[in-house]
Structure formats: structure tokens, C-alpha cells
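Report on the structure
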Amino acid sequence: MKENNELLRIEGLTKVFSLGSVFSRIRIVAVNNVSFGINSPEIFTLAGESGSGKTTVARIILGFIEPTRGSIFYRGNKITNLKDIEARSLFRKEVQAIFQNPFETFNPLRKVNEYLYETCWNFNVSRNRNEIDGIIDEALKAVGLSLEEVRDKYPGEFSGGQLQRISVARALITKPQLLIADEPVSMVDASLRMSIINLFKELKEKNNVSVIYITHDLATAYYVSERIAIMFRGEIVETGPVEKVLMEPKHPYTMLLKESIPEPDPKMKWQESIRLTASEEEEYLRKGCKFAGRCPYVMDICRKEAPGDTVVDGVVVKCYLYASKSEKTIA
Amino acid sequence: MTILKTENLKSFYILDILGIKQSVMAVNDISIEIKENEIYGIAGESGCGKTTLIKTIYGMIEPPLNVMDGRVLYSIDGKLVDIFSLDEEELRRLRWEYVSYIPQGSMSVLNPVTKISDSFWDFIKAHSNYKDKLEIEDSIKEHLNAVGLPLEVLNAYPHQLSGGMRQRVTIALATILKPKIIIADEPSTALDVVAQRAVIQLLKNIQQTQKNTIIIVTHDMGVHANISDRIAMMYAGKIIEEAKTEEIFENPLHPYTKYLIRSLPKIGDKSYKVSAPGSPPSLINPPTGCKFHPRCDSFKPECKKIEPQLIEISKDHKVACLLYSKEMGQ
């Protein structure tokens, strides 16, 4: 059932968080029935605002939190609730994470190279000190640094861009197949941001590394990735090739999101003003389509029942606007 | 007409680490002139001194920050007043009524244990001469209506509001006394794109109806393109280029501005983007001469020695780069 080059497959992932005390419990569905696959090699963007559940998806894939429902397959093997230690350690080795804030990734009181050596030992890359040095140097060279520059230095001696590159290098030591990068450039200075983004492109082209790029920045997403999924309040509302989703957005939320990006071009200023919801909780607890409260095209059915996936023009959209015109409706 | 002016402003952070004195030259010889009823944008990377500049302009000087040299002048009723000559009480009275400040990360500015309405009351009581309770209540409601916030927010606690709403409440607080100058430090940075748009549009609407001046600091060039009338680019504690927004985007002159504008990704554009080589300089020990020279692609030997001055190249377009001062015959 799976294609040969499919690296990761996520099916029906759901995570429910309970808030409040025993007496007034609210269930927040942070991730609701999310499914997607990653081919090898590709850069896949998971985009959305804060509170859309994109980081929760990443944390579930990495095994930091357990999903309420749903399964994750890596190279065809199910890795959730996995008893098979071998498959799990292969997954751990081949899937590496890069986090948002490089200043928080590294302990300021530890030398940066310790992290690199530690990764080598943890994953049993090699037992020979010289060989380890070689492997680390190679990983650092891939990101435009070298072991000489990094050795015996503390995180405070590097800029945010350099630290982020070191954390990419750390991830590369185990020769991963998939990088999960959660907002890797949002804390990096604008003038250095593109160097990290270009690094992902290079890794894909030269080393066949796939990347799940999690971001709220649609402009870099367009620049770097092939496919994109737009998340809103725990659901993927639109997914497809990046050119189609971002150039001709179908879901009203994607349209709003795209329009709201401040274009670095004074000729393309925003025109009309927009509405905000007073609280995020309200949208999470909404029945039916979560966007109905702000949608300009809202219909009666949107408030009653959640829309299913509809395929329009190669793009999967969760919206009733397309339900009648669709080629086929899933679910 | 000029509403705010700085003259050769220098403010440094003086650090004393184990007896070794170090100074962080965060604002290093900056002279700007801000006109009435304009939106003046200050752009630059993190750590280039933009927040220090506006803190100094606002007169919020607390150790280790020290003003080493220069003046900050506000134009109050047609007279230029040096804010460093005022005492604490006079400065306090200017705040919120004449100049207000929207701090960075103002999501956490509101007191979490008081209702929004209490915060409004506090502000008005401390800074204006209202006597009548009903009058204050009416003015709060009127202002909330004017900025398009629902009146229910008054009875809410900050945590019950979404980030965008909270930021709009802080903006409403900062503008309720109709200050002449609003200083906004990264007002939309912690927000999502949609909320960011709402906040920026709100600021612009307020500026248009209240006819005040906004100084907005953000590293996001997209936000500048949308709101600012003029932009000053900061790099390592200095202003390296200043021009109208259109001019900065269409005809950047300084090599750093060129790099920055060219590296901005846009939807619908997959062409290869490069970022500037190297990394931002340290403000404790900045490079000699032009601060950008170690990263510059049109670097010449004299860039290491001579510090370029900000000079006007064409109308309203100033740049600090030897490439251009040479052409001017200086």
C-alpha cells in the first residue's frame, strides 16, 4: 500500500489535552486526525500560526509525547507503541530534530563540541577518537564550519546563526534521512536566515535528506519546500504542492493567511481590515469548521458539521465551498 | 515640522566585570530628525542597538545604560526641550500624555491579576486630570470603540484574551490619552501573521485619526513596507541609511541594505537568495572604520580606517558609505 520512496507516514494522528480541574474539565483537541506522508527526499512544510498544533505534531513524531490516537510508520514499520527496539533505534538514528531557539538548545556553561561528541557516543557512531573527530569535522564542514572553529568554545561565543548551524551539524552526525526542524530560523537574524534555509536545500540535493520544515513563515516555506500543509486549530485544512497552495489558496483560512503576510514591498500594502477572535479557546471548542467564526464565505452547514477532505485540482482542502465541485470526497 | 530630534546621541552600557570596565556601544553618534505626523521606522538586526536608541529617546535610562553624549529634543508647543534637562517628575508628566511607549513583548505587560478595566483606570488616574468617574468610564468606552475592540475586554483578565487581542489592548492603553508621539518597540513580533496584520493596521488607523507621530522599531522588513513612511537602517549602533520606504526597497544604496533587501524571500519567487556573509559584529569591540567592512563585498582598504558619515546623496536619501562619499568628492 505504500510507495517505495515513502519515508514517513502519519495516519489519523490525534492528541487531546485536558485543561482545568476535575470539576470543569475542557478537552482541547490540539491535533485532530492529521495524516500525511514524506517522500524521500523532499522538503515538506507544516505551516500554521501559534496554537495550530504544528509543534505538537513534531513532538509526537519525535516521541516526546504520546498520541491519543493514530499511528506513525517509518519505512513501513509502525513506531508508535513499538516493542521492536531495533526499529525504534533505527528511527532515532535516522530522524533528527532541530529546535527553534539555538540559545536554548545549548547549555551556556557547556562547551559546544561536547554536544557533538555526546551524539557520536550515544549513537555509537564510532569508538575511535580520531574517527569521531573526522565525522564531526565532516558534519561541521557540511554547514560551513569546521571542528577547529568550534572546539573548546562556549555557546556565548557564537552568533545565533552559527549556533543554529552547529545544531544542524549535530543532527547530521548520525547521517539522518529525515530532519524535523521546528521553526529553525525564527530566532536567527534576517541577514543570516537564508544561509540556514539554503543549507536545507543543499542537504536535500546532495545527501538526500528529507526535511519536515515547521514554520509560520510562508515566504521561506515557498522558497524551500515542495509540498506544504496548512494547519489551523489542530487540523490540516489544506495540503498540496507549494506553488498551488500558496499561489492560488483554496481554503478561506489559507487565503487570509497569505494576504496577511507583510510583503517586503511597499506597493503591496494590505487593503482591507480584518477580524480577530477574542480567545483561542473559543475556536478550539467550536463545533463544525473551526474557521466558521471568521470566514467570509460561512454557510449554515459550516457551523454544524466539520467538513471532510475534498480533492480539488491536486490540492486537498477541508472546506464545504468545494464539496460540490469536487472530483471526489474522502471521508 | 520637526517633533523630535536627536543630536550626536551616544548611549553605552557600561559593564564592570571583575574590575574590568567594558562599554557596549549600543547607540553610537546618532542624529535623527522625526517630522510631525509621520511613521518613522527603525530597522536592523537583533543586537544592533535599535531598542537602546528608542529607550534613550524615551528617556528611560537605567544603569548600566548611560548617556555619554548628545541631546534628545522634543518639540513641545513649538519649543525644543532637552529631555535630559528635565527632572524626574517633569519627565513623568510628559509620559503617556505627550509620548507613550509600547514595549517589546507587551503580551506580558498587562498585570495578570487585574481586569483590563482596572489597568485603564490606573493609567488615566496617574496621567491625566480627570475628576469625574463617569467621564473616565465614557472616555475608556469611546476609545475602545474607536480602536475597534469589543467592550467585553474590560471585564476580562489578560490570560482570557488571545495574543492579538492583548496586544491591541496595550495599544489602546498607550493611545487613550492621545499622545503626540507613540514609540512602538517590535509591536507585532510575538504575534502570528493574522494578528500582526490586525495590530499594524490598528496602529496606522490610530495615527491617521489622532494625527500623531509613530516611531516603530522592528526587524521585519515586511512590516516596515506596510506601515513606515521613512526607514532608518541601523547597523552596529549607527544609522547607515535613511530614506523614504519606497526608496529603501527600490533603490538601496548601502551594501548591507542591499544584502538585506535582496535576501528577503517572497511568495511566487523561487530564485536563489543569499544572506550576507559573516555575522553581526560585537558592540563591545566593533571593527574600526566602517562597521560593516568585514562582511562587505565592495570593501576597500580605506574602509578600515575612515568611518563614513551619514550624508545626503539625493533628496531625503542619506547613506553612510565611502562608496558614495567618494563620488561626492569628499
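Quick caveat, the model's predicted, so the values are computed rather than measured.

This part takes up the overall build of chain A. Of the regular secondary structure elements, chain A holds 13 helices and 13 strands. Taken along the three principal axes of its C-alpha coordinates, chain A extends 70 × 55 × 45 Å. When the 331 residues of chain A are sorted by exposure, 46% land in the buried category.

Right, let's get into the overall build of chain B. A count of helical and extended segments in chain B gives 10 helices and 13 strands. A compact globule built from 330 residues should have a C-alpha radius of gyration of about 20 Å, and chain B, at 21 Å, falls within 12% of that. When the backbone C-alpha atoms are referred to their principal axes, chain B occupies close to 70 × 50 × 45 Å. Looking at the 330 residues of chain B, the share that counts as buried comes to 46%.

Okay, the nonpolar core next. Within the largest apolar cluster, 182 residues are counted, with the highest numbers of intra-cluster contacts made by A:I212, A:Y213, A:I230, B:V169, B:I183, B:L203 and B:I215. Considering every element that reaches this core, the biggest residue donor is helix α6 (residues 193-210) of chain B, with nine residues. Counting contributing residues per domain, this core is built from domain 1 (6-247) and domain 2 (248-331) of chain A, each supplying no fewer than three. The residues contacting A:Y213, other than those within four sequence positions of it, are A:I43, A:F44, A:T45, A:A181, A:F200, A:A221, A:V224 and A:S225.

With that settled, consider the sheet that holds strand β4 (residues 69-74) of chain A. Residue and element names in this part refer to chain A. If you trace the four strands from one edge of the open sheet to the other, you get β2-β1-β4-β5, paired in antiparallel fashion. In this open sheet, the two edge strands, each paired with only one partner strand, are β2 (26-39) and β5 (77-78). As paired strands, strand β1 (residues 6-19) and β4 are joined by five bridges and run antiparallel to one another. The partner of I10 across the bridge, within β4, is I72.

Once that is clear, we can look at the confidence of the model for chain B. The predicted structure's coordinates, where accompanied by low pLDDT, should not be read in detail. Scored by pLDDT, chain B has a mean of 87; 98% of the residues are at 70 or more. Of the two predicted TM-score estimates for the complex, the pTM is 0.83 and the ipTM is 0.75.

Taken together, the contact between chain A and chain B spans 39 residues of the former and 40 residues of the latter. When contributions to the side of chain A that touches chain B are tallied by element, the ones reaching two or more residues are α7 (160-172), α8 (190-207), α9 (218-224), α10 (242-247) and α11 (252-260) of chain A. Here the side of chain A that touches chain B takes six residues from α8(A), the largest share from any one element. Partitioned by chemical class, the residues of the side of chain A that touches chain B number 19 nonpolar, 12 polar and eight charged.

Let us now look at the packing of α7(A) against α8(A). All names here are of chain A. Where α7 meets α8, the closest approach of the two axes is 10 Å, and the angle between their N-to-C directions is 10 degrees. For the element pair α7 / α8, the angle class is roughly parallel. Where α7 crosses over α8, the handedness of that crossing is right-handed. The residues of α8 that touch α7, namely those facing G161, Q164, R165 and V168, are L192, S195, I196 and L199. For the contact of α7 with α8, the residue count by class is four nonpolar, three polar and one charged.

In this section: the pairing of strand β12 (residues 311-314) of chain B. Of the pairings in the sheet, the one linking β12(B) to strand β13 (residues 317-319) of chain B comprises three bridges and is antiparallel in character. Considered in β13(B), the bridge of B:E312 is made with B:K318.

Let us look at α8(A). Taking 1.5 Å per residue as the helical rise, α8(A) with its 18 residues ought to reach 26 Å, and the 26 Å between its terminal C-alpha atoms agrees with that figure. Taken residue by residue, α8(A) has A:A190, A:S191, A:L192, A:R193, A:M194, A:S195, A:I196, A:I197, A:L199, A:F200, A:L203 and A:K204 as its buried positions. Where the residues of α8(A) are buried, they touch β3 (43-47), α7, β8 (210-215) and α9 of chain A together with α9 (255-262) of chain B. Once α8(A) ends, the next one or two residues include A:N208, with phi positive near 55 degrees.

Residues and elements named next belong to chain B. The mixed open sheet is built from eight strands, whose spatial order is β7-β8-β9-β4-β10-β11-β13-β12. Both edges of this open sheet fall to β7 (99-102) and β12, since each of them pairs with a single strand only. The sheet shows a mean angle of 20 degrees between the axes of neighbouring strands, direction not considered. Taken strand by strand, helix α1 (residues 50-58) contacts β4 (39-43), β7, β8 (181-185), β9 (213-217) and β10 (230-235), and its axis lies near 150 degrees from that of β8.

Next up on the list: the domain arrangement of chain A. All names here are of chain A. The assigned domain composition of chain A is domain 1 (6-247) and domain 2 (248-331). On a C-alpha basis, the centres of domain 1 and domain 2 stand 27 Å from each other. Contacts between the two partners involve 19 residues from domain 1 and, on the opposite side, 21 residues from domain 2. Listed by contribution, the elements that provide at least two residues to the side of domain 1 that touches domain 2 are β2, α9, β9 (227-232), β10 (235-241) and α10. Tallied by class, the residues present in the side of domain 1 that touches domain 2 amount to 12 nonpolar, three polar and four charged.

On to α6(B). Residue and element names in this part refer to chain B. Compared with the 26 Å implied by 1.5 Å per residue over 18 residues, the 26 Å span of α6 between its first and last C-alpha is a close match. Most of α6 is tucked away, with 13 of its 18 residues classed as buried. Note on α6: the residue one or two positions beyond its end, K211, has a positive phi of about 55 degrees.

A word on the environment of A:R59. Residues and elements named next belong to chain A. By the secondary structure assignment, R59 is in helix α1 (residues 54-61). With 90 residues separating them in the primary sequence, R59 and E149 have C-alpha atoms 32 Å apart. If we ignore the near neighbours within four places in the chain, the residues touching R59 are F64 and I65.

All names here are of chain A. Tracing the sequence through the fold places K204 in helix α8. Exposure remark for K204: the 20 C-beta atoms within 10 Å place this residue in the buried category. Separated by 166 residues in sequence, K204 and I38 place their C-alpha atoms 13 Å apart. Residue contacts for K204: discarding those within four places in its chain leaves P41, I43, V209, S210 and V211.

Once that is clear, we can look at the environment of A:A171. Within the fold, A:A171 resides in helix α7. The spacing of A:A171 and A:N5 is 166 residues in sequence and 22 Å in space, taken between C-alpha atoms.

The omega angle of the peptide bond from A:S40 to A:P41 is -15 degrees, so this bond is cis rather than trans. The omega angle of the peptide bond from B:P63 to B:P64 is 5 degrees, so this bond is cis rather than trans. With respect to the secondary-structure elements, B:P64 resides in the loop between α1 and β5 (65-76). Of note in this structure, A:N33 is not a glycine but carries a positive phi near 50 degrees. Positionally, A:N33 belongs in strand β2. The class of A:N33 is partly exposed, set by 17 C-beta atoms lying within 10 Å. Non-glycine residue B:K178 carries a positive phi angle of around 50 degrees.

Conventions adopted
- Residues numbered from 1 in each chain as written.
- Chains lettered and ligands numbered in written order.
- Predicted model: local features only at pLDDT ≥ 70, side-chain atom pairs only at ≥ 80, totals over all residues.
- Helix = DSSP H or I, 4+ residues; strand = E, 2+ residues; numbered from the N terminus.
- Buried ≥ 20, exposed ≤ 12 C-beta atoms within 10 Å, placed from the backbone.
- Rg over C-alpha atoms; globule rule 2.2 N^0.38 Å.
- Core = buried A, V, L, I, M, F, W, Y, C linked by C-beta atoms within 7 Å.
- Domains from an automatic or database assignment.
- Contact = placed C-beta atoms within 7 Å.
- Pairing = 2+ DSSP bridges.
- pLDDT = per-residue confidence, 0-100.
- Nonpolar A, V, L, I, M, F, W, Y, C, P; charged D, E, K, R; others polar.
- Axes fitted to C-alpha atoms, helices over the stretch in contact; angles between N-to-C directions.
- Parallel < 35°, antiparallel > 145°, perpendicular 65-115°, else oblique.
- Left-handed = near helix turned anticlockwise from the far one by under 90°.
- Expected span 1.5 Å × (residues − 1).

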